[in-house]
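Fold and geometry: a report
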Amino acid sequence: MQDPINISENISDKSFVQYRTNFGVNLGGCFVREKWMFENSMMGDEWNHKTELQALKLEVGARNHDGARDFLENFWRGFMNDGDWDWIRSKGMNSVRVPIGYWNIDGGNFTGGTKFAPYADIYRNSWQIFKSHFIEAAARFNISVLVDVHALPGGANADSHSGEEHTADFWWDEGKQGLMVDAVRFIARDLRGYNNISGIQIVNEAMDVKPKDSLYRYYERAMRAIREEDNSVPVVISDGWWTPNFTGWIKNLQGDDQNFGFILDAHCYRMVTGEDKGKSAQQITDDLEGDFVNGSKFITDEEKKVVDLMLGEFTCVLSGESWSHSGVNPGERNDPGRRELAARFGRKQIELALKRTPAAIYFWSYKFPYDWGEWDAREVFNGYIGAPSVSMPPGGLFEELRDGEYNGHIKYWTDKGLNYDFDRYKLGFEAGWSDAYAFAERGAMVGRKQALKFARKQQHIRERGNLGDIWQFEQGYDKALEHFANRCYRT
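Residues numbered from 1 in each chain as written. Predicted model: local features only at pLDDT ≥ 70, side-chain atom pairs only at ≥ 80, totals over all residues. Heavy atoms only, no water.

1. A few points about the overall build of the protein
- Scanning the protein from terminus to terminus reveals 19 helices and ten strands.
- For 491 residues, the compact-globule estimate of 2.2 N^0.38 gives 23 Å, and the C-alpha radius of gyration of the protein, at 23 Å, lies within 12% of that figure.
- Overall, the protein is about 80 × 55 × 45 Å in size when its C-alpha atoms are taken along their principal axes.
- The 491 residues of the protein split such that 59% are buried.
- The long-range share in the protein, meaning contacts at least 24 apart out of those at least 6 apart in sequence, stands at 77%.
- A total accessible area of about 19,000 Å² is found for the protein, and carbon and sulfur atoms account for 46% of it. (Helix = DSSP H or I, 4+ residues; strand = E, 2+ residues; numbered from the N terminus. Rg over C-alpha atoms; globule rule 2.2 N^0.38 Å. Buried < 20%, exposed > 50% of the residue type's maximum accessible area, 1.4 Å probe, protein only. Contact = heavy atoms within 4.5 Å. Areas by Shrake-Rupley, 256 points an atom, 1.4 Å probe, with all protein chains shown as cover.)

Shown next, in the form of structure tokens:
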């Protein structure tokens, strides 16, 4: 397979979108409906009708196939308008994550043998609407789109957002996995002409399957199918709620001389477990330093050097128990003390995400038809939190930092009686600073640090050869990005 990481010195618009930090919101509840987000208007009166499939059956019963299709198409077309896109842009966001179901891909052509097969005709225009009203509409506002295949046939987990009733059969059904490999291949081929696709996510919140072989098998097959159609688009996979399960797998799969363009997606919710419910808002915020991204403290230093991470879902939501522990009445959503505590929680997540999961950061979710408080981006970004920003460094700072780090690097190793081609460190620092500067000039931060570093390392090897001390280039590159971020990135 051809190496997918091959970026030119002058970063194209497409590469810029793929490598920057994509910050924005999920457009949840549109193509994959969830009862709690829209209730009766889109899901029927009964509370046990929670999934896309259940709602669809109700609509077909009430309206027949043609009526159900018209009903859904009007909903999709009206979900976002220019005012929505402009609001997202006005808040400093540059991206959206759009959850879709496998039933939407190519207008229902990947539903054969699944529970959605009898209803494929209802979705026949959904893929074109997704492109025209989401991808192309977002592009008009310089907003990128992460295509999130949120729901897989049989379910990647047993939750209702898989679209089907409480199953997770996908991981034990090779036929369904093969269907999805073909589906993501189609996505890559069909969307490769767009410059604002920030990635293709091949699964959302994968179930914690043991052993992991079926997940690894699907991830690799899907990645290779995408790479045969598009050699640059990032391939986003789920961390299954325990990030170390996949950092080592990615490192071993790639080896030292390849980068397949994976991004590992982690989510952060702190209102579900008994442990979280036993903490106050301030305790949860303080503890994020140690528990942000599940299991991250078990990721080895070598794995951190090669794996790019993103935060696909986060909120400012805490449990009623946590608000009570904080001295706040859980029913008082407009309490100023609660707003400030929720804001601290949100800002801390963004601060840590820029350091640990910088490839992309998405709030859940953009809109609700009623007051959902800290779940609703329109509420939270109007006073709680804001998008991160970047500024340009002052003149002379680069030379000062480069020379100081370079001289310190030489001294450290020569004091140990060791001598290397130390210019590699300086060249790495210069490459890292140059990339950070180029992104900052366009109002963005470097997001996929490991993939971009790999690309620059490959360029360096072509120019200078691959000697045993290439690690110096990588260390210099990392140090430059660190200095730039510390001085120029703001949350």
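Still to come is the rest of the account.
2. Side note on unusual backbone geometry
- Cis geometry is adopted by the peptide bond preceding Pro-211, which originates at Lys-210 and carries an omega value of -10°.
- Of the consecutive residues Trp-364 and Ser-365, the connecting peptide bond is found in the cis state with omega at 0°.
- Positive phi, close to 75°, is recorded for Val-293, a residue that is not glycine.
- With respect to the element layout, Val-293 can be found in the loop between helix 11 (281-291) and helix 12 (301-304).

3. Digging into the environment of His-460
- Tracing the sequence through the fold places His-460 in helix 18 (residues 449-464).
- The class for His-460 is buried, based on a relative accessible area of 4%.
- The sequence separation of His-460 and Gly-428 amounts to 32 residues, and the corresponding C-alpha distance is 8.5 Å.
- Setting aside residues up to four positions removed in sequence, His-460 forms contacts with Arg-424, Leu-427, Gly-465, Ile-470 and Phe-473.
- Within the local environment of His-460, its side chain forms a polar contact with the side chain of Arg-424, the two groups lying 2.7 Å apart. (Polar contact = N/O pair within 3.5 Å; in protein donor to acceptor, adjacent residues only side chain to side chain.)

4. A few points about the pattern of salt bridges
- In this structure the tally under the stated criterion is 45 salt bridges.
- Salt-bridge contacts for Arg-69 lead to Asp-121; the nearest nitrogen and oxygen are separated by 3.2 Å. One end of the pair, Arg-69, is in helix 4 (residues 52-79); the other, Asp-121, is in the loop between strand 2 (95-101) and helix 6 (126-140), with 52 residues separating them in the sequence.
- The exposure class of Arg-69 is buried, given its relative accessible area of 5%.
- On the basis of relative accessible area, Asp-121 is assigned to the partly exposed category, the value being 27%. (Salt bridge = Lys/Arg side-chain N within 4 Å of Asp/Glu carboxyl O.)

5. So, the layout of surface pockets
- The computed volume of the largest pocket comes to approximately 960 Å³.
- Taken together, 31 residues form the lining of the largest pocket, with Lys-355, Arg-356, Lys-449, Gln-450 and Glu-482 sitting closest to its centre.
- Those elements that place two or more of their residues in the lining of the largest pocket are helix 12, strand 7 (308-314), helix 14 (336-356), helix 18, helix 19 (471-488) and strand 10 (489-490).
- Among the residues forming the lining of the largest pocket, the class breakdown is ten nonpolar, seven polar and 14 charged.
- Of the voids in this model, the second largest pocket is the one considered here, and its volume is about 770 Å³.
- Along the wall of the second largest pocket there are 30 residues; nearest its centre are His-161, Glu-205, Tyr-269, Val-272 and Trp-375.
- Contributions of two or more residues to the lining of the second largest pocket are made by helix 2 (35-38), strand 6 (262-268) and helix 10 (274-277).
- Considered class by class, the residues forming the lining of the second largest pocket number eleven nonpolar, eight polar and eleven charged. (1 Å grid on protein atoms, 1.4 Å probe; cavity = no way out; pocket = protein on both sides within 12 Å on 5 of 7 lines; lining within 4 Å. Points joined across faces, edges and corners; volume = space filled by probe spheres on them. Nonpolar A, V, L, I, M, F, W, Y, C, P; charged D, E, K, R; others polar.)

6. Re the UniProt feature "domain: Glycoside hydrolase family" (unreviewed entry) in the protein
- Taking the UniProt record as the reference, the feature "domain: Glycoside hydrolase family" (unreviewed entry) is found at residues 87-300.
- Within residues 87-300, the helical portion is 37% and the strand portion 14%, while the C-alpha atoms at the span's ends are 40 Å from each other. (UniProt positions renumbered as here; feature names shortened; annotations may be inferred.)

7. Re the side chain of Asp-265
- Along the chain, the position of Asp-265 falls in strand 6.
- Polar contacts involving the side chain of Asp-265 include one to the side chain of Gln-201, which spans 2.8 Å.

8. Examining the packing of aromatic side chains
- What the rule picks out here adds up to 48 aromatic pairs.
- Ring centres of Phe-75 and Phe-79 lie 5.7 Å apart, and the angle between their planes is 80°; this geometry places the pair in the edge-to-face category. With Phe-75 and Phe-79 both in helix 4 and four residues apart, the pair spans about one turn of that helix. Taken individually, Phe-75 and Phe-79 each receive the classification buried, so the pair is uniform in this respect.
- When the centroid spacing of 4.2 Å and the interplanar angle of 15° are considered together, the rings of Trp-103 and Phe-116 count as stacked. One end of the pair, Trp-103, is in the loop between strand 2 and helix 6; the other, Phe-116, is in the loop between strand 2 and helix 6, with 13 residues separating them in the sequence.
- You can call Trp-103 buried: its relative accessible area is 0%.
- For Phe-116, a relative accessible area of 0% puts it in the buried group.
- Linked through ring pairs, Phe-31, Trp-76, Tyr-102, Trp-103, Phe-110, Phe-116, Tyr-123, Trp-127, Phe-130, Phe-134 and Phe-186 together constitute an aromatic cluster. (Phe/Tyr/Trp six-rings, centres within 6.5 Å; stacked < 30°, edge-to-face > 60°.)

9. Considering the environment of Gly-274
- Here Gly-274 shows up in helix 10.
- The sequence separation of Gly-274 and Glu-321 amounts to 47 residues, and the corresponding C-alpha distance is 9.6 Å.

10. Let's talk about the packing of helix 8 (residues 213-229) against helix 9 (residues 244-254)
- Where helix 8 contacts helix 9, the two axes come as close as 12 Å, and the packing angle between them is 50°. Between helix 8 and helix 9, the angle is such that the two are oblique. Handedness of the crossing formed by helix 8 with helix 9: right-handed. Residues Leu-215, Tyr-216, Tyr-219, Glu-220, Met-223 and Arg-224 of helix 8 form the contact with helix 9, whose participating residues are Asn-245, Phe-246, Trp-249 and Leu-253.
- Here the residues of the contact of helix 8 with helix 9 sort into seven nonpolar, one polar and two charged. (Axes fitted to C-alpha atoms, helices over the stretch in contact; angles between N-to-C directions. Parallel < 35°, antiparallel > 145°, perpendicular 65-115°, else oblique. Left-handed = near helix turned anticlockwise from the far one by under 90°.)

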